[in-house]
Structures are given as structure tokens and as C-alpha cells.
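An overview of the molecular structure
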Amino acid sequence: MQTNLRGRDFIGDLDFSKEEVETVLDVAWDLKRKRALGESHAYLRDKVLAMLFFFTSTRTRGSFEAGMAQLGGHAAFIDSETTQISHGDTAKEIGEIFGRYFDGIAIRQCDWQFGNQYENEVAKASRVPILNMQCDIYHPFQCLADLMTIIEKKGRDLRRKKMVVSWAYAASYSKPISVPQSLILQMTRFGCDVVLAHPPEFKLMPEIVAQAEDNARKFGTGFEIVHDMDEAFKDADIVYPKSWGPLVTTTAKDEGKALIEKYRSWITDERRMALTKEDSIYMHCLPADRGLEVTDGVIDGPHSVVYDEAENRLHAQKAVMALTMR
Ligand code: CP
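Conventions adopted
- Position numbers for residues count from 1 along each chain, tracking the sequence in the order it is written.
- Totals for whole chains, interfaces and linings use every residue, but because this is a predicted model, local features are given only for residues with pLDDT of at least 70 and side-chain atom pairs only at 80 or more, for both listing and counting.
- Hydrogens are left out, water is left out, and the side-chain values use all remaining heavy atoms of the structure.
- Here the term buried applies to any residue with accessible area under 20% of the maximum for its type, exposed to any over 50%, and partly exposed to those in between, with areas from a 1.4 Å probe on protein chains only.
- Numbering of helices and strands starts at the N terminus; helices are DSSP runs of H or I of at least 4 residues and strands are runs of E of at least 2.
- The criterion for strand pairing is that DSSP finds at least two bridges linking the strands in question.
- Looking down the strands as they point away from the viewer, one classifies a crossover as right-handed if the path from the first strand across the helix to the second runs clockwise.
- Domain start and stop points were drawn from an automatic or database domain assignment.
- The contact definition used throughout considers only heavy atoms, calling two residues in contact when any of these lie within 4.5 Å.
- Two parts placed together each lose some accessible area under a 1.4 Å probe, and the buried area is that loss summed for both.
- Two kinds of site are reported from a 1 Å grid over the protein atoms alone, namely cavities, where a 1.4 Å probe fits but cannot get out, and pockets, open sets with protein on both sides within 12 Å along at least five of seven lines, and residues are called lining when an atom falls within 4 Å of a point.
- Grid points are joined across faces, edges and corners, and a volume is the space filled by probe spheres set on the points.
- Nonpolar residues are Ala, Val, Leu, Ile, Met, Phe, Trp, Tyr, Cys and Pro. Charged residues are Asp, Glu, Lys and Arg, and all others, Gly as well, are polar.
- To obtain an axis, a line is fitted to C-alpha atoms, over the contacting stretch when the element is a helix, and the angle between two such axes runs from 0 to 180 degrees between their N-to-C directions.
- Note on convention: the crossing is left-handed when the near helix lies turned anticlockwise from the far helix by less than a right angle, right-handed when the turn is clockwise.
- Among the buried residues, those of types Ala, Val, Leu, Ile, Met, Phe, Trp, Tyr and Cys that are joined through side-chain atoms within 4.5 Å form a nonpolar core.

Our focus in this paragraph is the pairing of strand S3 (residues 104-109). Looking along a regular strand, one sees the side chains alternate between the two faces of the sheet. Most of S3 sits inside the fold, with six of its six residues counted as buried. Here S3 shows a buried face lined by Gly 104, Ala 106 and Arg 108 and a second buried face lined by Ile 105, Ile 107 and Gln 109. Note that strand S1 (residues 48-53) and S3 share five bridges and pair parallel. The residue bridging Ala 50 from the neighbouring strand is Ile 105, located in S3. Here S3 pairs with strand S4 (residues 130-135) via four bridges, running parallel. Its bridge partner being in S4, Ile 105 is matched across the sheet by Ile 130. After leaving S3, the chain enters helix H4 (residues 115-125) and then returns to the sheet as S4, a path that is right-handed.

A few words on the domain arrangement of the protein chain. Per the domain assignment, the segments of the protein chain are domain 1 (13-139 + 310-324) and domain 2 (142-309). Computed over C-alpha atoms, the centres of domain 1 and domain 2 are 25 Å apart. Counting residues at the interface gives 29 residues for domain 1 and 35 residues for domain 2. Regarding the contact of domain 1 and domain 2, the summed buried area is about 2700 Å², with carbon and sulfur atoms giving 62% of it.

In this section: the layout of surface pockets. Each pocket or cavity is described by its volume, and for the largest pocket that value is around 890 Å³. What lines the largest pocket is a set of 37 residues, among which Phe 55, Tyr 173, Ser 174, Lys 175 and Pro 176 lie closest to the centre. Mapped onto the lining of the largest pocket, the elements with two or more residues apiece are helix H2 (59-70) and helix H9 (253-261). Looking at which element gives the most residues to the lining of the largest pocket, the answer is H9, with four residues. When grouped by side-chain class, the residues that make up the lining of the largest pocket number 16 nonpolar, twelve polar and nine charged. Counting residues domain by domain, the lining of the largest pocket receives three or more from each of domain 1 (13-139 + 310-324) and domain 2 (142-309).

So, about the packing of helix H5 (residues 140-154) against helix H12 (residues 306-324). One way to put it is that H5 packs onto H12 with a least axis distance of 8 Å and a crossing angle of 115°. Seen from above, H5 lies across H12 with right-handed handedness. Where H5 approaches H12, its residues Phe 141, Gln 142, Leu 144, Ala 145, Asp 146, Met 148, Thr 149, Glu 152 and Lys 153 are matched on the opposing element by Asp 308, Glu 309, Asn 312, Arg 313, His 315, Ala 316, Gln 317 and Val 320. The residue makeup of the contact of H5 with H12, split by class, is six nonpolar, five polar and six charged.

So, on to the nonpolar core. Grouped together as the largest cluster of nonpolar side chains are 87 residues, with contacts concentrated most on Leu 49, Leu 131, Met 163, Ile 184, Met 187 and Met 321. Taken domain by domain, this core gets at least three of its residues from each of domain 1 (13-139 + 310-324) and domain 2 (142-309). When sequence neighbours within four positions are dropped, the list of residues in contact with Leu 131 reads Phe 10, Leu 49, Phe 64, Ile 105, Ala 106, Ile 107, Phe 141, Val 320, Met 321, Thr 324 and Met 325. Counting residues in hydrophobic clusters, the runner-up holds 17 residues, among them Leu 52, Ala 123, Val 128 and Ile 130.

The structure is reproduced here in C-alpha cells:
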């Protein structure tokens, strides 16, 4: 167990070692048990977290805000549009100034080829931890909640469990690639044989794929990329199909939309779920495009764990805040 996380940033999934992630999970389960029993766990009394959002959110905002209150502190919701950022406040100024007001700064900035750089610039100037509520490259808190849920459903020993991280069709908008990237980075450290499935134009960042391949070698897990959703789903223990934009291929909106439209058949329906193991689980970070990414029958059906997964955002985030913001 590695408990020395005080003052640490959590921006990329690999910022915490495997042993440190295991500590986070142990603390998360302890906090989950305490909440279930109504036991006080005010480890962050008098502490305040800034939550700076450049994008909309349901789960992330709700779980960070509730989590800070349950830990005895407070979370300040700050919509970037109501700040002076558009009038000149730089990342350095946000880090310097908010670092003096707050005990932690959580940021959601998903702009492609900017968000992660922005969060790192804030981190460089800040004297308090920076927590990544999602950027263009990573969604590390989502991934911690996903890992926690997978262990709850499949046990601590995930060796030889086949996990499919798949692209899925959605019409709403070109979604960030941060969730699949975080998943292939973290899950290759935790025993799963990861299969990444996507149409050729929806590849992930080559450097992230290379890191996942390195992890697979180092931790003795599997990692492969396929371009066929049915092939990926066959005998899977865990499926995590979600939409993302073709950002590595093109950032042109019309071109991206045309590419997405080519693959309307990439839906998770009952036929596809029947290809997986009988006790497989269906995961999604939400929000999902119902009827396009996934049928109601699957997301509301017996394989789905999406609400337990959403709940675990609260416990995993509380664990990281309690460990880093003390
Ligand atoms: N999964 C997730 O991050 O949800 P929100 O976008 O609603 O925060």
C-alpha cells in the first residue's frame, strides 16, 4: 500500500502507480461502507475545492460536489463562462490565484489538443493538487470508478478476463476520446485482456496506444486492436462500447460527421450481447445516445451495471480528494 499521495496532482491515469491506485480503491471501499452505515468521515473539514468547468456535466459535477460536502468540506462550482478567463486570465493566473484560495482545483477542459495542456499549465503554477475532471486525453476519475465497478462484479483477480473497449455510433456530437484512452491505459495494468474495437478512422492517439502496449507487456496482459464489433464481443466478460469522435483522423466537423454516419451499425443490441459470455457486464460512462449507441433493452437489461458505475464516481473521487487534499 502506498499512502503518500498528499499534494499530488491526478491529471493522467498513470500519474498514480498501480500500487497507489490500489490504495485509492481500498480507501474508496472504506468510504462507501462508511456512507452506507451513516458513519461520519469528515476528513476534509474546512477544505474547499474549486470545480472549474469549461463543459457541461451531470455526474462529474454532482459527485465531486456531494463528495466534498460528505468529507466535511465545500466545493465551489465555477463555470468558466462566468469568469474573466475569456477576458485574459491565463492558466498561470488561475493556478497561482485559485491555488491561494482553494485546497484543490478540479478542472474539466476537453478542447482537442488544448485541454490537457491547459490543466498542466494550471498545475505548474498551483500550490495545491490539480484533479482532472476530464480533458482531451484522459478521464481518470471515470476510469477509477470503472475499475472499482469491474472488481466489484468480477472479483479482484481480473487475469484473462476479456474486456472490450469499443467505438459505438452516436449522432449527438463528436465526443472526446478520453474515456477509451483512460480505459486502455489503466485496465492493461489490472489483469484484463483488453480488446480495442473501432472503425479504422476512429483510432486513438498513437502514443496512448503505445503506452497501453507497454503496460500489457509489463503486466502480462493482452492488448489488441480489431475493426469488427462482432469479433470483439465474442466471449467477452466486460463490454464498454461508447461513441467518440474521429479526432485523430480529422477535426473538420462535416468530414467527421460523414465518417460517423458510415458506421450506424455499431450499436450494442441484444444480438451483440448474446455473443458475449452469459455473465458479461455492459458498461457505459453516460450519457448514452439511447437507440443509437445502445438499445434500451441492453442498457436497462440484466447485463447493465451503468448505475453502480455512476455511483462509484462518488466513492473513488472522495478517496482521491481525501488522500491528496489533506
Ligand atoms: N461520465 C461523465 O463524466 O458524466 P458527465 O459528463 O455528466 O460528468
